[in-house]
Amino acid sequence: MEQKISEIIQRTTLRINAINSVKELNDLKVEVLGKSGELTLILRGLKDVNAQDRPIVGKIVNDARVELENAIEAKLGVLERKELNDKLMKEKIDITIDRKRPIGKLHPLNEIKRKAIDFFVCMGFIVTDSPEIETTYYNFDMLNIPPDHPAREPQDTFFVTDEIILRTQTSAGQIRTMEKIKPPIKMISPGRVFRSDEADATHTPCFHQMEGLVVDKGITMCDLKGTLSSFAKHFFAADTKIRFRPSHFPFTEPSVEVDVSCVHCGGKGCNVCKGTGWIEILGAGMVNRKVLSGCGIDPDIYTGFAFGVGLDRITAIIHGINDARVPFEGDIRFLKQF
Ligand code: PHE
């Protein structure tokens, strides 16, 4: 009897190991342990065993039953986990599918604008905003630009009414700032400006400037030159030089045009700098006394400098863009290059 039982255990164990599905395993369980299963029949046959041996044989059969039940349970666990895994693999959703969508990036002009803002913010400047639709009061009168100045002619300025225009320069922001904050003032104000120019390779009716204004006690032209020189070195190359050329703006006195040594040829002369070795990037000067007093700031106590950078120009120099209209066209073939 003992031998028969151990043979059943051995045989059944081999079959359990070989089985690969929950269904087959359940069938095997019925076949061996079910109502008319081999072991069950042996248990039933116990009544024919003599009373003395019955408890011993009974224990052997029961132990065999427990052993096989455990083996089946263990295998069931393995198979169920495997079946669940297979199901999960089959029902998997590929959440990476959208990766193929093109990823956008900043327009080169905005990239340059942000880089310029970062530079001045690190130097302690605040960033201010001022309206694109402006009054002649802020855009001209308060900047010491008299009514008969050519900038106020309709061929230079977009007029909405006699007194409302599209701002022609971010300099209007200087006045709005000085009306609100008293010195010390260190601010920049980037934004769009408009002039009624016909679009060509060097002009667009809308372009971008960044105004800068510093007003405090003892500010001199050296501060202006130092600030702009650091800016040029940060933007172009560590050995970039700047030079001041005398100029005229009604709201600064003295006024200068500022050139940087050509980033492409290092000052030797090439077609980017038209053989001069220098490229003009901004207008600047010491804030006119009339402008300071117009804003309620005493010009005998305070002095200041102001500058207006052409952001489109800087972008064009850095990226070698030779037509001012192209960055406004939104042509994907152009934008993809940056
Ligand atoms: N607003 C001047 C322009 O548009 C530039 C400028 C700004 C000059 C500040 C001096 C000071 O050309």
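Keep in mind that what you see is a predicted model, and the values were worked out from it rather than measured. (Residues numbered from 1 in each chain as written. Predicted model: local features only at pLDDT ≥ 70, side-chain atom pairs only at ≥ 80, totals over all residues. Heavy atoms only, no water.)

**Re the side chain of R167**
Summarising the element assignment, R167 is placed in the loop between β3 (164-166) and α7 (172-180). At 4.5 Å, E132 is the nearest oppositely charged side chain to R167, a buried residue that forms no salt bridge. A distance of 3.0 Å separates a polar side-chain atom of R167 from the backbone oxygen of S130. Separated by 2.7 Å, the side chain of R167 and the backbone oxygen of R192 make a polar contact. The contacts of R167, once residues within four sequence positions are left out, are S130, P131, E132, E134, N139, G191, R192, V193 and F194. (Helix = DSSP H or I, 4+ residues; strand = E, 2+ residues; numbered from the N terminus. Buried < 20%, exposed > 50% of the residue type's maximum accessible area, 1.4 Å probe, protein only. Lys, Arg positive; Asp, Glu negative; His and termini not counted. Salt bridge = Lys/Arg side-chain N within 4 Å of Asp/Glu carboxyl O. Polar contact = N/O pair within 3.5 Å; in protein donor to acceptor, adjacent residues only side chain to side chain. Contact = heavy atoms within 4.5 Å.)

**Quick word on the domain arrangement of the chain**
What the domain assignment lists for the chain is domain 1 (2-91) and domain 2 (108-335). Each of domain 1 and domain 2 was reduced to a C-alpha centroid, and the two centroids are 90 Å apart. (Domains from an automatic or database assignment.)

**Focus on the sheet that holds strand β8 (residues 278-287)**
Read across the open sheet, the seven strands follow the order β1-β4-β5-β9-β8-β7-β6; overall the sheet is mixed. Because the sheet does not close on itself, it has two edges, and the strands there are β1 (126-127) and β6 (242-249). In terms of strand pairing, β1 meets strand β4 (residues 185-194) through two bridges, oriented parallel. Looking across to β4, one finds that V127 is bridged to I188. Against the sheet, helix α5 (residues 108-122) engages β1, β4, β5 (206-216) and β9 (303-310), with an angle of about 165 degrees to β4. Strands in contact with α7 are β4, β5 and β9; relative to β4, the strand with the most contacts, it is inclined by about 140 degrees. (Pairing = 2+ DSSP bridges. Axes fitted to C-alpha atoms, helices over the stretch in contact; angles between N-to-C directions.)

**Quick word on the site of the ligand**
In the vicinity of the ligand, 14 residues are found, and the nearest of them are Q169, S171, R195, Q209 and G308. R195 places a polar side-chain atom, nitrogen or oxygen, 2.9 Å from an oxygen atom of the ligand. Out of a free accessible area of 330 Å², the ligand has 90% covered by protein chains. Residue composition of the shell around the ligand, grouped by class: five nonpolar, seven polar and two charged. (Near = heavy atom within 4 Å. Areas by Shrake-Rupley, 256 points an atom, 1.4 Å probe, with all protein chains shown as cover. Nonpolar A, V, L, I, M, F, W, Y, C, P; charged D, E, K, R; others polar.)

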